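# Coordinate inspection notes
Letter by letter, the chains look like this.
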Amino acid sequence: MYNLQSSVKEHDEARQGEALMLESTSTKNNGRKLYIESYGCAMNFSDSEIVASIMTGMGFETTADYKEADVIFINTCSIRENAEQRVRNRLREFGAVKSRNPGMVVGVLGCMAERLKSKFLEEEKLVDVVVGPDAYRDLPNLIDKVDDGSRAVNVLLSREETYADINPVRLNSNGITAFISIMRGCDNMCSFCVVPFTRGRERSRDAHSIVKEAQELFALGYREVTLLGQNVDSYKWTSEDGTESVNFAGLLEQVALVSPDLRIRFSTSHPKDITDEVLYTMAQHENICKYIHLPIQSGNSRVLEIMNRTYDREWYTERINSIRRIIPECAISTDVIAGFCTETEEEHKDTLSMMDYVKYDFAYMFMYSERPGTLAAKRFTDDIPDDVKKRRLNEIVRKQQQHSHERLLQQVGKIQKVLIEGFSKKSELDYAGRNDQNATVVFPAEKNYKPGQYVNVFVERCTTATLIGKIVE
Ligand code: SAM
Ligand code: SF4
C-alpha cells in the first residue's frame, strides 16, 4: 500500500503496530500489565481505546513494553493478505517472550479474530484468547476463563453493539485530535471486501452520545474530531420512541455546533450515498473541514459493477462535479485497487483517466488481494498476474504523485488556517499541523503559540508531501 502524505489518516502506515498507553484512572489495581498494539484502519485504533478502557476498569495498567506485560493484545486487520502476514510475524515475536514466561496471556482481537475464529487457536498455539470486534464487553469473563486454564473465544457479531456508553480514555494521543466512532459494521457487499464478514451489520450510534463525546473532548482541550464509519453517509439513528431521527448531515451539523473552535473531519464517504445535503452542510459551517475521502476503487463501469460498488463512472463523475460546485475549495482523496479480477489494460486506463479528471489531493493505492469468503473469491478468478498488478499500481502511484504535488503547489503563496498539533517530526524548532484540506503544514515554532491553537500560516513553498511556511498575524 502506498500513501503520499503524513497526517491523521483513515489508514496511517506510520501508526501500524503502535502500542496504546493509558494513565490508569481506575481505583482498582490488579497488579497486572496490559500491552495492546493495533493494525489496520482508524476504526481499529479507536476500538483499542475501548478495549483498554474496559481492561483498565478491571484493574490492568498499560505498558509500552510487551516483554513486561501479563496480557498482550494484538488488534488485527484482515483487509489484505499482507496485513494478516504482518500479524502472524508479530505473533512469532510474542511467542519468543511467552516461552520464557508461560503465564503470559496472548489475545488476538479485531478482524482477523472474527475471520478465523477458533481456527486461530489451532493455527497459533501461543494464542489464549480470540475476541471479535463486537465482543469486547465480554473481556472480563474471557480473561477469567484463561486465568482458570482454558482458552477462550468470543466472536459473536451483534446487530446493536456500538459501545456508545464506553468513553475511551485517550492519554497517549496528542491531546488535540481524536477519532469518534459513529457507526459500526457495513451493509455493502463490495465483492473484494472482507469487512462485512468481520465487522457485521451496519448500526449507527446514538447521536446524543456522539455529541456528548465531542463536547467532552472539546472541554479537555481537543480541537479536532474525526467521525468514523465505513460508510458515514448511511449514518441513521432513530431514538427508541421513534420521535427523533438524525441522518449524517444532521449529525455533522450537531457536532459542528459544539464550538466554532472544534474542527470536524469524517471518513469514509461512499460515492453512492454522499448527498448534496451533506455538501451544503459542509459549505455552511466553517469548522467542518473541506476535505472528502471518496474511494473510487476503479474508473471503469464494468469493473465497478463486478466489484459491486453500485455506482458507475458517470455517477461518480457527477458526485465530483457536485462537490466542486458546492464546495469549490474542497480537497478530495480516494482509494484505488489495481488489477481486480478480469481488469483489462483499457479498463486500467479508465482508472488513470478518472484520476486525471479529478486530480485527487491524496490517494491510498492497493494491488488487489483476494480474501477468502468474499464474493469475488467465490465468483471470479484472481487472474491478473502479480507483475501486471504491480506495473498498473506503479502507474497509478506515479500519476498520484504528480497530482498531489500539483495540488500542494496550488496552495503555495496563500495564507492557510492551521491547527498546531505539535512539533514537526524532523525538528523541535518547527511546528506541524494541517490546513482545512488536510495537507500537512510545517512552520517555525514561535514562542507565543502553542499546540491546540489555530494560526494563519503563509505558505512559501512545498515538498512532495508538505507545505512549508511561516506564521502571519
Ligand atoms: N468503507 C470504505 C469504502 O467503502 O471505501 C473502505 C474500507 S477498506 C478498510 C479500505 C480500502 O481497502 C478500500 O477502499 C479498498 O480500496 C481497499 N481494499 C479492500 N479490500 C481489498 C482487497 N481485497 N484488496 C485490495 N484492496 C482492498
Ligand atoms: Fe468494504 Fe465496501 Fe463496506 Fe467499504 S463499503 S467496508 S469497501 S464492503
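The following refers to the structure shown. (Residues numbered from 1 in each chain as written. Chains lettered and ligands numbered in written order. Predicted model: local features only at pLDDT ≥ 70, side-chain atom pairs only at ≥ 80, totals over all residues. Heavy atoms only, no water.)

## A closer look at the packing of helix α12 (residues 345-358) against helix α14 (residues 386-409)
Direction vectors running N to C along α12 and α14 enclose 10°, while the axes themselves pass 10 Å from each other. Judged by the angle between their axes, α12 and α14 are roughly parallel. Contacts between α12 and α14 involve Glu345, His348, Thr351, Leu352, Met355, Asp356 and Val358 from the first element and Val388, Arg391, Arg392, Glu395, Ile396, Lys399, Gln400, His403 and Arg407 from the second. Partitioned by chemical class, the residues of the contact of α12 with α14 number five nonpolar, four polar and seven charged. (Axes fitted to C-alpha atoms, helices over the stretch in contact; angles between N-to-C directions. Helix = DSSP H or I, 4+ residues; strand = E, 2+ residues; numbered from the N terminus. Parallel < 35°, antiparallel > 145°, perpendicular 65-115°, else oblique. Contact = heavy atoms within 4.5 Å. Nonpolar A, V, L, I, M, F, W, Y, C, P; charged D, E, K, R; others polar.)

## With respect to empty space enclosed by the protein
In total, this model carries five cavities of 30 Å³ or more according to the counting rule given. Around the largest cavity, the lining is made up of 37 residues, and of these Ile79, Cys193, Val195, Gln230 and Asp335 lie nearest the centre. Elements with a minimum of two residues in the lining of the largest cavity: α6 (195-199), β16 (331-338) and β17 (362-367). Across the lining of the largest cavity, the residue classes tally to 18 nonpolar, 14 polar and five charged. (1 Å grid on protein atoms, 1.4 Å probe; cavity = no way out; pocket = protein on both sides within 12 Å on 5 of 7 lines; lining within 4 Å. Points joined across faces, edges and corners; volume = space filled by probe spheres on them.)

## What to know about the site of ligand 2
In the vicinity of ligand 2, the residues found are Cys186, Asn188, Cys190, Phe192, Cys193, Val195, Pro196, Gln230, His270 and Arg309. The site holding ligand 2 turns out to be the largest cavity. In the shell around ligand 2, the residues fall into six nonpolar, three polar and one charged. (Near = heavy atom within 4 Å. Sits in = over half its atoms within 2 Å of the grid points.)

## Side note on the sheet that holds strand β14 (residues 263-267)
A sheet is described by the order of its strands in space; here three strands give the open sequence β8-β11-β14, paired in parallel fashion. One side of each edge strand has no neighbouring strand; the edge strands of this open sheet are β8 (177-181) and β14. Along the sheet, successive strands turn relative to each other by an average axial angle of 25°, direction set aside. Pairing analysis gives five bridges linking strand β11 (residues 224-228) to β14, with the strands arranged parallel. Opposite Leu228, over in β14, you have Ser267 as the bridge partner. Sheet contacts for helix α1 (residues 42-57): β8 and β11; angle to β8, the most-contacted strand, approximately 90°. (Pairing = 2+ DSSP bridges.)

## Let's talk about helix α9 (residues 276-284)
Listed in full, the buried residues belonging to α9 are Val278, Leu279, Thr281 and Met282. Looking straight down α9, one finds that the buried residues subtend no more than 160° of arc, so they occupy a single side. Close packing links the buried residues of α9 with α8 (248-256), β14, β15 (291-293) and α11 (313-326). (Buried < 20%, exposed > 50% of the residue type's maximum accessible area, 1.4 Å probe, protein only. Arc of directions from axis to C-beta.)

## Thoughts on the site of ligand 1
Taken together, the neighbourhood of ligand 1 is formed by 15 residues, with Gln230, Pro295, Gln297, Asp335 and Ser369 sitting nearest. Separating an oxygen atom of ligand 1 from a side-chain N or O atom of Arg80 is a distance of 3.2 Å. Contact with the protein chains covers 93% of the free accessible surface of ligand 1, which is 560 Å². Assessed atom by atom at 2 Å from the grid points, ligand 1 resides in the largest cavity. Counting only elements with at least two residues in the shell around ligand 1, the list comes to β16 and β17. Looking at the shell around ligand 1, its residues break down into seven nonpolar, four polar and four charged. (Polar contact = N/O pair within 3.5 Å; in protein donor to acceptor, adjacent residues only side chain to side chain. Areas by Shrake-Rupley, 256 points an atom, 1.4 Å probe, with all protein chains shown as cover.)

## Quick word on the layout of surface pockets
Rolled over the atoms, a probe as big as a water molecule pinpoints where empty space is left. Each pocket or cavity is described by its volume, and for the second largest pocket that value is around 270 Å³. Around the second largest pocket, the lining is made up of 14 residues, and of these Arg80, Asn82, Met367, Tyr368 and Ser369 lie nearest the centre. The greatest single-element share of the lining of the second largest pocket, amounting to four residues, is contributed by α14.

## Overview of the pairing of strand β2 (residues 33-38)
Of all six residues that make up β2, five are buried, and the element is covered over most of its length. Sheet topology places strand β1 (residues 18-19) next to β2; two bridges connect them, and they run antiparallel. Residue Glu18 lies in a different strand from β2, and its bridge partner there is Ser38. Of the strand pairs in this sheet, β2 and strand β3 (residues 61-62) are connected by two bridges, and their pairing is parallel. Of the residues in β3, the one forming a bridge with Leu34 is Thr62. The pairing of β2 with strand β4 (residues 71-76) spans five bridges and is classified as parallel. Note that in β4 the partner of Leu34 across the bridge is Val71.

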